[in-house]
Amino acid sequence: MNDDIRNIVLGVMATGVSASLGWIARTWLWRRRLRRKQAFFGLPGNSECMLVVNRDSGSDGAVRRYDVFALLELSALIKDCSAHAQLVAHDVAQGFGERTEFCVGGPVSNRRMAAHLQALLPGVRISTVTEPGPDRNAFRIGTETYRVEKGVTEHVLLARLTFDQETRPVFLFCGQRAVNNQAATRYLARNHEKLARRYGSGSFCLLLKVVNSGSYGPDVVELVADVTRAAQTAVPEPRPSHPATG
């Protein structure tokens, strides 16, 4: 074998080894990202989870368009984790922790969301006033109040709640309007790696602001604050004042 043939053979072998090492490295990185994603969402391969569907409070059992979009985005995340979703009505009577749960909608349209807020985030109060006014759909978290300026400034809670290492997380997407629910699911899809680095497998509750949804839909979202501590701390109800008697 002369030098030219030997160099060609060695070059082909080096290229093959480099390609194999590159493929192995990419596969290892992909699998590591997948494992981290599965751990954050509590969705190991072939596991099952719940997608809790709310209803449009103004119709008979229908789901609002933006909430359907939110469910579709969550379905894509679940599929990426090689898991399976079961669609469940908001009035299902079932505990939590056995399967990962994604619960979408406010407490008026989603009975299960109302139960989760009461049990898991006792520091959150959401106005159920139906008449037009400044307090309609307002959030009260701890001592702070966040009102709605429809189409301009709106808010949504994004929470991941866990109880111990053996239970699966509950994800809450609770917006002042339906478009805010989709904004929260999109924020989670874009930022889950960052959130996993910061919070690991622990709980968090974030207050997000949806900017100018009338023009930008669910796309422009800003983080207002991490309100985990305030949301998990029950605030005593104000005592009614009694007129003095004498």
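Now for a description of the structure that goes with this document. (Residues numbered from 1 in each chain as written. Predicted model: local features only at pLDDT ≥ 70, side-chain atom pairs only at ≥ 80, totals over all residues. Heavy atoms only, no water.)

The next thing to look at is the sheet that holds strand 7 (residues 153-161). Taken in spatial order, the seven strands of this open sheet run 2-1-3-8-7-9-10, and their pairing is mixed. On the outer flanks of this sheet lie strand 2 (84-89) and strand 10 (221-226), each paired with one strand and no other. Direction aside, the axes of adjacent strands within the sheet are offset by 20 degrees on average. As paired strands, strand 7 and strand 8 (residues 170-175) are joined by six bridges and run antiparallel to one another. Residue pairing in the sheet places Arg-160 in a bridge with Phe-171 of strand 8. (Pairing = 2+ DSSP bridges. Helix = DSSP H or I, 4+ residues; strand = E, 2+ residues; numbered from the N terminus. Axes fitted to C-alpha atoms, helices over the stretch in contact; angles between N-to-C directions.)

As a further point, take a positive patch on the surface. Among the surface-exposed residues, Arg-35, Arg-36, Lys-194 and Arg-197 lie close enough to one another that they form a single positively charged patch. Tracing the sequence through the fold places Arg-36 in helix 1 (residues 3-41). (Patch = residues over 30% accessible without salt bridge, like charges linked within 9 Å, V, L, I, M, F, W, Y side chains within 5 Å. Areas by Shrake-Rupley, 256 points an atom, 1.4 Å probe, with all protein chains shown as cover. Salt bridge = Lys/Arg side-chain N within 4 Å of Asp/Glu carboxyl O. Lys, Arg positive; Asp, Glu negative; His and termini not counted. Charge placed at Lys NZ, Arg CZ, Asp CG, Glu CD.)

What follows is about the packing of aromatic side chains. If you walk through the whole model with that rule in mind, you get nine aromatic pairs. Between Phe-40 and Phe-41, the aromatic rings sit 5.0 Å apart at their centres with planes inclined by 80 degrees, giving edge-to-face as the arrangement. Using a relative accessible area of 2% as the deciding quantity, one classes Phe-40 as buried. Each residue in the set Phe-40, Phe-41, Phe-102, Phe-171, Tyr-199 and Phe-204 is aromatic and connected to the rest through ring pairs, giving one cluster. A cation sits over an aromatic face here: Arg-65 above Tyr-66, 4.8 Å from the ring centre. Of note, Arg-160 hangs over the ring of Phe-40, and the distance from its end group to the ring centre comes to 5.1 Å. (Phe/Tyr/Trp six-rings, centres within 6.5 Å; stacked < 30°, edge-to-face > 60°. Buried < 20%, exposed > 50% of the residue type's maximum accessible area, 1.4 Å probe, protein only. Lys NZ or Arg CZ within 6 Å of the ring centre and 35° of its normal.)

Membership of the largest hydrophobic core comes to 29 residues, with the highest contact counts inside it found for Phe-41, Leu-43, Phe-102, Phe-173 and Leu-188. Elements with a contribution of two residues or more to this core: helix 1, strand 1 (48-53), helix 2 (65-80), strand 3 (100-104), strand 7, strand 8, helix 4 (178-199) and strand 9 (204-211). With six residues, helix 4 is the single largest residue contributor to this core. If sequence neighbours within four positions are ignored, Phe-102 has contacts with Phe-41, Leu-43, Cys-49, Met-50, Leu-51, Val-52, Leu-74, Ile-78, Phe-171 and Phe-173. Counting residues in hydrophobic clusters, the runner-up holds 23 residues, among them Cys-103, Met-113, Val-124 and Ala-159. (Core = buried A, V, L, I, M, F, W, Y, C linked by side-chain atoms within 4.5 Å. Contact = heavy atoms within 4.5 Å.)

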